Each structure stands twice: as structure tokens, then as C-alpha cells.
Amino acid sequence: MPSKSTKPTKAVREINARIEALLKKSPAYRKIENGLYVIKQGSCLVMIGVQPWKETHTVIRLTAQLVKGVTMEVPLALELLELNSILRFGAFAWVPSSQAIVFSHTLLERSLGDAEEFLDTIRDFAIVCDEYDDRIAARYGGSTMADLLEEEHMRLFGSGEHEVLK
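Keep in mind that this is a model prediction, so the values were computed, not measured.

Some points on the overall build of the protein
Part 1 of the reasoning: The number of helices and strands found in the protein is 4 helices and 7 strands.
Part 2 of the reasoning: The order of α-helices and β-strands along the protein, N terminus first, is α-β-β-β-β-α-β-β-α-β-α.
Part 3 of the reasoning: Buried positions account for 34% of the 166 residues belonging to the protein.
Part 4 of the reasoning: A total of about 10300 Å² of accessible surface is found on the protein, and carbon and sulfur atoms cover 55% of it.

Considering unusual backbone geometry
Part 1 of the reasoning: Despite not being glycine, K54 has its phi angle at roughly 60°, a positive value.
Part 2 of the reasoning: In this structure, K54 sits in the loop between β3 (44-53) and β4 (57-68).
Part 3 of the reasoning: The residue Q99 is not glycine, and still its phi comes out positive at about 50°.
Part 4 of the reasoning: With respect to the helices and strands, the residue Q99 is situated in the loop between β5 (91-95) and β6 (100-108).

Side note on the packing of aromatic side chains
Part 1 of the reasoning: All chains considered together, the criterion is met by 4 aromatic pairs.
Part 2 of the reasoning: Ring geometry for F92 against F103: centres 4.7 Å apart, planes inclined by 50°, an arrangement best described as tilted. Linking F92 in strand β5 with F103 in strand β6, this pair joins segments that are 11 residues apart in sequence. Like F92, the residue F103 is buried in the burial classification.
Part 3 of the reasoning: Where F92 meets Y132, the ring centres are 5.7 Å apart and the plane angle is 75°; that geometry is what we call edge-to-face. Taken together, the positions of F92 in strand β5 and Y132 in helix α3 (residues 115-140) put the pair 40 residues apart, joining distant regions of the chain. Each member of the pair, F92 together with Y132, is buried.

Reading the values: rules and limits
- Residues numbered from 1 in each chain as written.
- Predicted model: local features only at pLDDT ≥ 70, side-chain atom pairs only at ≥ 80, totals over all residues.
- Heavy atoms only, no water.
- Helix = DSSP H or I, 4+ residues; strand = E, 2+ residues; numbered from the N terminus.
- Buried < 20%, exposed > 50% of the residue type's maximum accessible area, 1.4 Å probe, protein only.
- Areas by Shrake-Rupley, 256 points an atom, 1.4 Å probe, with all protein chains shown as cover.
- Phe/Tyr/Trp six-rings, centres within 6.5 Å; stacked < 30°, edge-to-face > 60°.

This is the structure we're talking about:
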């Protein structure tokens, strides 16, 4: 995630501009702030973060929280490890503090050289996220990002069955 305490390097600013140019036509794309973007794919949100690497380079980190509130048990861990060995992009990981399964992938800035390849990578990554968040939640429990957003909406706004103002 971008650091708010330091000014972005020239390399980070250039990559931010390139990502924004590549994604701006997508209705699924939203800019959160400089260096942090989100793509919605089905029930999943993919965060795209630009981070400095060394003095003159950047990395682009794709991350999606797939399921939160799931208990890590041996069958789930083995399934995720097996999937990690066969997936083209990304890897599953476990975040114990939030009982969350995330999917992440890191790209080097040169990955932006071929626009079609970059967009295909994001598309493939997002499709895997959308497929596996539902599978994991159905089989092992927990809430997908869509579930969490719906719960938060209900908490904030209720059921939507409000009395009409007179």
C-alpha cells in the first residue's frame, strides 16, 4: 500500500499514470488514491498497489481478500498449497490475525510495457479470485468480500424497507 508519509518517487508517479491510462476505460476500475486502485470482478475486489522498490524501480502488487473468518485446517491448507503449484498467476496466503485467505501476485514495472499482457494478467488474476472466494467460503466457511460489503450495507442502511417520508 502506498505510504502517505513520503512523496512518491518519479518511478512510482510514472507507473501510477501508466496504470490509470490502461485501466481508465474499464467500468470495473476505481482509483482509491495515487498508487492504490481497485478492480471489481464478480464478488471479489482486487486491489492494485504501486510500491517503490530500490531507488528507481517499482513493483505492482495485486491483492484480493477472498474469505474472512475461515478456520485454517489441514485440508484447506493442503488444497491451497496444491493450487499454488498449478496456478499461472498469484498465490494463496493465510493471514492469521483476521482469519483471512488472500490471493496475491507481484509484477515488476516492466510488466506494463505490453499493455495487453498487463491487462490479461489482471483479468486472469481477478477471474481466479472470483472463482475461488465462493468455492472456499462454500466448502470451509467464512465470508467473501461481497458478503462483508452486504453486511456492512445492512448495518449502515438497514433492510431498505424504510417508511416513506411524508
